[in-house]
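Structure assessment
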Amino acid sequence: MKRRIILLAGATASLIVGPLATGAMAQEVSIGEVASAVNSVWIVVAAILVMFMQAGFALVEAGFTRAKNAGNIIMKNVMDFSLGSLTYWAFGFALAYGGSSVGGFLAYGDLFFFDDPTRAGEWFFQVVFAATAATIISGAVAGRVKFTSYLIYTPFITGLIYPVVTHWVWGGGWLSEIGFFDFAGSGVVHMLGGVAALAGVLIVGPRIGKYDEDGTPRSIPGHSVTLGALGVFILWFGWYGFNAGSTLAAVGQDIATPAVTTTLAASAGALGAMFTAWIITGKPDVGFTLNGVLAGLVGVTAGTASLSFGGSILVGLIAGVIMVFSVMALEKVGIDDPVGAISVHGTAGLWGLIAVGLLTSDANIGIQLIGALAIAAWAFGTSFLVFKVIDLTVGMRVTSTEEREGLDRSEHGGEAYPEFVFQEQVARQGDLDPVGTNGH
Amino acid sequence: MKRRIILLAGATASLIVGPLATGAMAQEVSIGEVASAVNSVWIVVAAILVMFMQAGFALVEAGFTRAKNAGNIIMKNVMDFSLGSLTYWAFGFALAYGGSSVGGFLAYGDLFFFDDPTRAGEWFFQVVFAATAATIISGAVAGRVKFTSYLIYTPFITGLIYPVVTHWVWGGGWLSEIGFFDFAGSGVVHMLGGVAALAGVLIVGPRIGKYDEDGTPRSIPGHSVTLGALGVFILWFGWYGFNAGSTLAAVGQDIATPAVTTTLAASAGALGAMFTAWIITGKPDVGFTLNGVLAGLVGVTAGTASLSFGGSILVGLIAGVIMVFSVMALEKVGIDDPVGAISVHGTAGLWGLIAVGLLTSDANIGIQLIGALAIAAWAFGTSFLVFKVIDLTVGMRVTSTEEREGLDRSEHGGEAYPEFVFQEQVARQGDLDPVGTNGH
Amino acid sequence: MKRRIILLAGATASLIVGPLATGAMAQEVSIGEVASAVNSVWIVVAAILVMFMQAGFALVEAGFTRAKNAGNIIMKNVMDFSLGSLTYWAFGFALAYGGSSVGGFLAYGDLFFFDDPTRAGEWFFQVVFAATAATIISGAVAGRVKFTSYLIYTPFITGLIYPVVTHWVWGGGWLSEIGFFDFAGSGVVHMLGGVAALAGVLIVGPRIGKYDEDGTPRSIPGHSVTLGALGVFILWFGWYGFNAGSTLAAVGQDIATPAVTTTLAASAGALGAMFTAWIITGKPDVGFTLNGVLAGLVGVTAGTASLSFGGSILVGLIAGVIMVFSVMALEKVGIDDPVGAISVHGTAGLWGLIAVGLLTSDANIGIQLIGALAIAAWAFGTSFLVFKVIDLTVGMRVTSTEEREGLDRSEHGGEAYPEFVFQEQVARQGDLDPVGTNGH
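Residues numbered from 1 in each chain as written. Chains lettered and ligands numbered in written order. Predicted model: local features only at pLDDT ≥ 70, side-chain atom pairs only at ≥ 80, totals over all residues.

Moving on, we come to the overall build of chain A. What chain A contains, in helices and strands, is 15 helices and 2 strands. Taking 22 Å as the expected radius of gyration for a compact globule of 440 residues, we find that chain A reaches 23 Å, a close match to that expectation. Dimensions of chain A, computed from C-alpha atoms along their principal axes, come out at roughly 80 × 55 × 45 Å. Residues classed as buried in chain A amount to 70% of the 440 residues present. Partitioning the contacts of chain A with sequence separation of at least 6, the portion at a separation of at least 24 is 76%. (Helix = DSSP H or I, 4+ residues; strand = E, 2+ residues; numbered from the N terminus. Rg over C-alpha atoms; globule rule 2.2 N^0.38 Å. Buried ≥ 20, exposed ≤ 12 C-beta atoms within 10 Å, placed from the backbone. Contact = placed C-beta atoms within 7 Å.)

Put into structure tokens, the structure is as follows:
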């Protein structure tokens with residue numbers, strides 16, 4: 001084989017297209033071929049960006065939880081994508097986009113054990129969305145769920161729960177038929193993931209130490225704000241692929257407008273959450289502000305291509321505000337979601353579906369609510385069932401000894417930061433104020 | 001809605017372009033539409049890369065400063081982009097690129113509260129540049145500036161100071177008229193940010209402990225070389241969008257040459273800084289080497305599309321060398337810039353403007369100096385004024401108690417790494433050598 | 001200069017292509033120019049993604065080794081790219097792809113001190129591959145090699161060892177002539193790097209403390225699983241550029257299929273390694289699973305464009321399994337490779353070459369083995385020779401005092417995490433259980 005590229009360098013360079021590796025100069029090329037290539041480049045690049053969101057989720061979830069569980073969170077994030085992509089290859093894609101629809105509920109056809117290169121770009125773009133839906137759950141159940149049980153659950157969401165909903169909305173299914181609108185997945189991906197996370201949290205219960213004996217919630221701060229923040233930046237970065245890539249093509253499409261609304265909504269979400277938390281707690285909290293970015297992104301996703309720019313700011317701002325209230329309300333009622341995933345993805349996702357109904361002509365608010373309810377009921381019901389069955393058989397939760405020790409050691413036989421000294425160790429020795437009196 | 005993609009898979013696949021979501025197959029597509037799509041893909045992808053530089057700045061600034069201020073740095077970086085993009089939406093873009101020019105000094109016209117989808121790509125590409133200029137300041141004033149005061153300043157640079165200069169140079173203003181040349185922003189973005197940072201540092205003063213009683217500077221090492229280095233890699237990665245994206249189009253443009261000069265200048269900058277520091281300090285210092293990469297990138301930015309490849313190496317090498325001397329000189333005269341932002345962006349940015357005058361025919365050295373002087377005077381004057389007014393009203397600096405405690409706790413009510421034990425805590429207890437005698 | 005973009009926003013927008021900066025509207029544009037632009041965008045974006053893999057390598061190597069050497073690893077990763085790109089500019093590119101071939105062994109011609117803008121895209125794509133080959137070695141010799149010696153070696157691999165092999169395979173040389181096939185570099189890049197790493201490890205020997213007096217290997221866990229994992233995610237992300245970008249063009253090429261096989265093989269690699277380690281060690285080990293991702297990626301690289309999707313899963317799965325056995329076998333025979341680079345890149349790279357011979361019609365298994373042997377012999381022989389000469393002159397290894405102290409302090413005069421307290425320090429003081437009894 002021979003591998004050479006000759007690219008245009010300046011407007012006057014001669015026309016040389018196609019790889020010279022074939023030995024033949026592609027002298028003739030049609031507009032259609034070039035247009036297809038542009039679309040392919042756009043979709044593949046967008047999907048690569050979305051894939052990188054896996055790193056963002058891993059860091060957000062690890063950074064905003066305890067150090068003793070960081071390796072476990074990494075493992076869950078690696079495995080929900082890995083197991084998920086194989087499941088999506090085996091049957092998820094077929095159930096969402098296969099040849100024929102079974103009553104608008106799910107597809108059935110020719111895509112099982114997917115092996116059709118002509119649909120490779122499509123599969124790649126869809127699988128990274130499926131992985132996003134799956135990975136949302138990981139953070140909500142952090143710190144107390146058995147690794148094996150998580151492994152058992154994850155193929156269900158990537159292979160069945162999520163594909164069915166995408167068939168409803170994007171595969172020509174019944175929600176599509178009645179006019180439900182969700183451009184890039186505020187509901188299909190994020191609310192679905194958030195609601196499934198809620199089911200998981202209800203089954204698995206709060207972490208030890210999250211609540212006082214009288215039920216007062218206690219803060220369990222994350223071990224690395226910098227890693228968590230980097231995760232948020234990576235998610236923001238990848239979200240451009242998520243939203244602007246959902247044009248599904250570049251030729252004849254406006255791929256820039258979603259980039260603008262995504263930027264503005266994320267920004268407004270950060271402001272909305274920061275000021276809300278500032279008013280309530282007296283300080284501009286770092287965690288809430290970062291989650292405000294994510295809430296803004298989730299909120300704008302449904303209407304990213306059709307909202308006005310001012311409208312996207314409004315949507316992001318409100319998403320940031322309601323996320324803070326949602327986090328506080330859930331904590332109060334005993335739902336322990338260490339990273340705020342249910343509020344960021346579930347609550348803000350629901351808001352995104354409503355907002356596109358209120359602010360654009362693409363969607364009808366009544367139908368949006370019907371769709372939201374249907375997605376939520378399906379995602380919650382199926383996830384609750386699967387988690388319950390796992391709980392009754394394998395067990396969803398580690399022992400309290402394992403939980404106190406940390407999942408890294410008990411589940412994976414190692415530690416994430418074996419060289420560093422931790423406050424808890426020192427506190428046990430009694431020779432250092434565990435909280436510190438004067439900062440670090 | 002229905003969401004399907006069909007992409008070309010192999011040269012023989014049939015022509016199907018445009019999204020099938022519309023239900024209509026776009027059978028006819030013009031060369032112009034395809035060319036526009038290529039340009040859109042390129043500009044949007046480039047802008048996404050530049051947006052990711054925000055993560056790079058956040059990590060460089062956090063990693064190279066104290067752990068007790070890491071959350072605060074994250075907040076400043078999130079908020080200067082968030083507030084900045086809303087400001088740029090409201091009036092920054094209008095002042096730079098609005099309909100008519102007020103005497104070549106600033107634009108005025110139809111882009112206030114920007115809502116024109118036909119210019120979405122343009123806005124997106126410009127806003128990430130504006131955010132880059134703004135975020136440079138954050139690191140220079142790290143560890144002692146009030147969060148609120150920083151929040152007040154940041155809309156001024158994104159909404160006024162930077163847009164005016166872009167109007168001068170890229171919006172058809174007076175510097176453009178006289179032939180000033182700055183392809184991707186060595187001066188317009190980086191020197192401007194560096195000079196504004198200098199104004200901030202002069203107002204806010206050095207950190208407690210930076211200087212001995214006799215004025216001898218002391219080293220305050222950063223808390224995480226790995227995070228700082230990751231930030232540098234992210235900046236390098238994003239810089240390809242910054243420089244090669246500044247072609248503003250792909251069709252008829254050479255987008256590869258800027259990628260090559262960017263690579264070579266960054267590499268040469270690393271070498272130049274490493275060997276300079278090695279000669280002076282006796283060791284190949286990690287921080288200087290990493291800043292050398294950034295200095296090389298800043299230096300090549302003005303001439304990235306027109307320098308010869310050998311020329312770009314020369315420019316990067318010199319940028320790396322002078323950055324080291326600049327850092328040392330500033331430290332000596334009492335200017336405490338914790339991350340070297342003034343030298344990396346200001347000094348190397350000035351060098352970039354000069355270099356393109358010396359080494360290419362695009363620019364005249366005299367006019368380059370006039371432009372550099374004008375930009376520096378404007379950025380310094382306006383920034384100094386704004387910082388001074390903030391200082392006299394709200395106050396620029398936290399109290400010394402807050403500074404010692406760390407801004408994370410005093411300003412944000414939390415800590416970046418609450419589980420880890422820090423040397424300072426142990427030193428206070430008197431039972432561990434704070435510096436260690438044998439490393440870790 | 002004036003800088004304005006007008007992009008298509010919606011299918012009905014008027015045709016405006018090319019930058020308006022030139023003042024001239026490009027009213028006429030040919031299909032060829034547009035096709036060239038698409039190819040350029042694809043190759044440049046792919047190369048940018050591959051460049052970012054440098055950050056992935058840096059984090060994997062730093063995260064999976066000791067904290068006391070983290071800054072040194074950063075420096076090696078920055079410098080092998082920096083020095084490497086300058087070397088590749090000066091002569092590496094010429095030796096691989098220069099005008100005429102010297103007997104199919106190396107090229108010789110017109111590309112020394114590369115200065116041809118028409119081949120800028122090609123150079124950029126190739127240099128990031130060269131840097132990948134070089135940086136593989138860094139992790140394998142981590143913790144005990146002299147920084148200066150590493151600096152001396154790195155131009156040899158980027159400037160000579162790697163370019164010669166690329167000439168053989170991708171530059172029309174003798175392996176290309178006999179039909180050896182390696183689409184994106186399982187052998188040319190990864191196995192080559194892994195074998196060169198083996199030569200380095202054999203010369204430099206195991207780290208102090210790696211083996212008991214009776215030769216039993218001891219585990220030296222890395223200092224940050226989160227940074228290591230982030231590195232793996234970044235590598236995975238960048239690998240899409242590596243594999244799908246190796247189409248070298250977008251027009252008339254299928255760029256989506258390599259993205260799919262890359263995704264599936266990485267996923268299967270993670271599973272293969274996790275379950276293998278689980279069976280052997282009793283736990284799903286984090287490090288092995290992450291290395292499984294990388295092994296899957298390395299394995300699929302040779303056949304990424306031609307394997308069936310099911311085939312890519314098989315290739316990735318086996319890559320993950322054999323990587324675990326390879327790591328264990330090498331450790332047992334006294335080869336101390338702190339991050340598993342020899343197994344991940346060398347062993348899985350060899351498997352990739354074989355797999356494409358077994359599973360596709362692109363390659364003949366006999367010729368694949370001849371090629372693998374030739375590449376391995378060349379890479380090992382030349383690297384061993386260079387390392388040996390360095391060892392006999394400058395010395396390859398730091399003193400045992402320096403090694404114990406950590407290379408950050410001894411080689412670079414600083415520490416990566418100067419504010420944190422480490423177990424080792426506390427253990428020396430005798431007042432804290434160094435291992436902890438109850439986790440952190």
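Residues and elements named next belong to chain C. Here helix α6 (residues 186-204) contains 19 residues, and its C-alpha end-to-end distance of 25 Å stays within 8% of the 27 Å for a straight helix at 1.5 Å per residue. The principal kink in α6, of about 25°, is found at Leu192. Burial of α6 is extensive: 18 of the 19 residues sit out of reach of the surface. Backbone geometry just downstream of α6 places Gly205 in the positive-phi region, at approximately 80°. (Expected span 1.5 Å × (residues − 1). Bend = angle between axes of the 7 residues up to and from the residue.)

Let us look at the interface of chain B and chain A. Tallying the contact residues gives 85 residues for chain B and 86 residues for chain A. Residue assignment for the side of chain B that touches chain A shows that the elements contributing at least two residues are α1 (31-63), α2 (70-97), α3 (120-140), α8 (256-281), α14 (407-412) and α15 (423-429) of chain B. A total of 18 residues in the side of chain B that touches chain A trace back to one element, the largest contributor, which is α1(B). Class assignment of the residues belonging to the side of chain B that touches chain A gives a composition of 55 nonpolar, 17 polar and 13 charged. (Nonpolar A, V, L, I, M, F, W, Y, C, P; charged D, E, K, R; others polar.)

Rotating chain B by 120° and moving it 0.0 Å along the rotation axis overlays it on chain A with an RMSD of 0.0 Å. Overall, the copies show the geometry of a three-fold rotation axis. (Least-squares fit on C-alpha atoms with pLDDT ≥ 70 in both.)

Membership of the largest hydrophobic core comes to 522 residues, with the highest contact counts inside it found for A:Val38, A:Val41, B:Val38, B:Val41, C:Val38 and C:Val41. Setting aside its immediate chain neighbours within four residues, B:Val41 contacts A:Val38, A:Val41, A:Trp42, A:Ala250, A:Ile255 and C:Val41. (Core = buried A, V, L, I, M, F, W, Y, C linked by C-beta atoms within 7 Å.)

Since the α-helix packs 3.6 residues into each turn, any two residues three or four apart lie on the same face. Of all the bends in helix α2 (residues 70-97) of chain A, the greatest measures close to 60° and is centred on A:Tyr88. Among the 28 residues of α2(A), 27 are classified as buried, and the element is accordingly described as predominantly covered.

Of the residues lining the interface, 84 residues belong to chain A; the matching set on chain C comes to 86 residues. For the side of chain A that touches chain C, the secondary-structure elements that each account for two or more residues are α1 (31-63), α2, α3 (120-140), α8 (256-281), α14 (407-412) and α15 (423-429) of chain A. Here the element with the most residues in the side of chain A that touches chain C is α1(A); it accounts for 18 residues.

Further remarks concern the packing of α3(A) against helix α8 (residues 256-281) of chain C. Contact geometry of α3(A) with α8(C) gives a least axis separation of 8 Å together with a crossing angle of 45°. With respect to each other, α3(A) and α8(C) are oriented oblique. Taken as a pair, α3(A) and α8(C) cross one another with a handedness that is left-handed. Together, A:Ala120, A:Gly121, A:Trp123, A:Phe124 and A:Val127 of α3(A) and C:Ala256, C:Thr257, C:Ala259, C:Val260 and C:Thr263 of α8(C) make up the contact between the two elements. For the contact of α3(A) with α8(C), a count of residues per class yields 7 nonpolar, 3 polar and no charged. (Axes fitted to C-alpha atoms, helices over the stretch in contact; angles between N-to-C directions. Parallel < 35°, antiparallel > 145°, perpendicular 65-115°, else oblique. Left-handed = near helix turned anticlockwise from the far one by under 90°.)

What follows concerns the packing of helix α9 (residues 286-301) of chain B against helix α2 (residues 70-97) of chain C. In contact at an axis separation of 10 Å, α9(B) and α2(C) are set at 30° when each is read in the N-to-C sense. The angle between α9(B) and α2(C) places the two elements in the roughly parallel class. Like other packed secondary-structure pairs, α9(B) and α2(C) cross with a definite hand, here left-handed. In this structure, α9(B) contributes B:Val286, B:Thr289, B:Leu290 and B:Val293 to the contact, and α2(C) contributes C:Gly71, C:Ile74, C:Met75 and C:Val78. Of the residues in the contact of α9(B) with α2(C), the class split is 6 nonpolar, 2 polar and no charged.

Within the chain, B:Phe113 stands out as a residue other than glycine whose phi angle is a positive 45°. Mapping B:Phe113 onto the fold places it in the loop between β2 (106-108) and α3.

Before going further, it helps to spend a moment on the environment of B:Phe156. Residues and elements named next belong to chain B. You can see Phe156 is positioned in helix α4 (residues 147-170). Put simply, Phe156 and Glu331 are 175 residues apart on the chain and 27 Å apart in space, counted from C-alpha to C-alpha. Apart from the residues lying within four places of it in its own chain, the contact partners of Phe156 are Ile161 and Val386.

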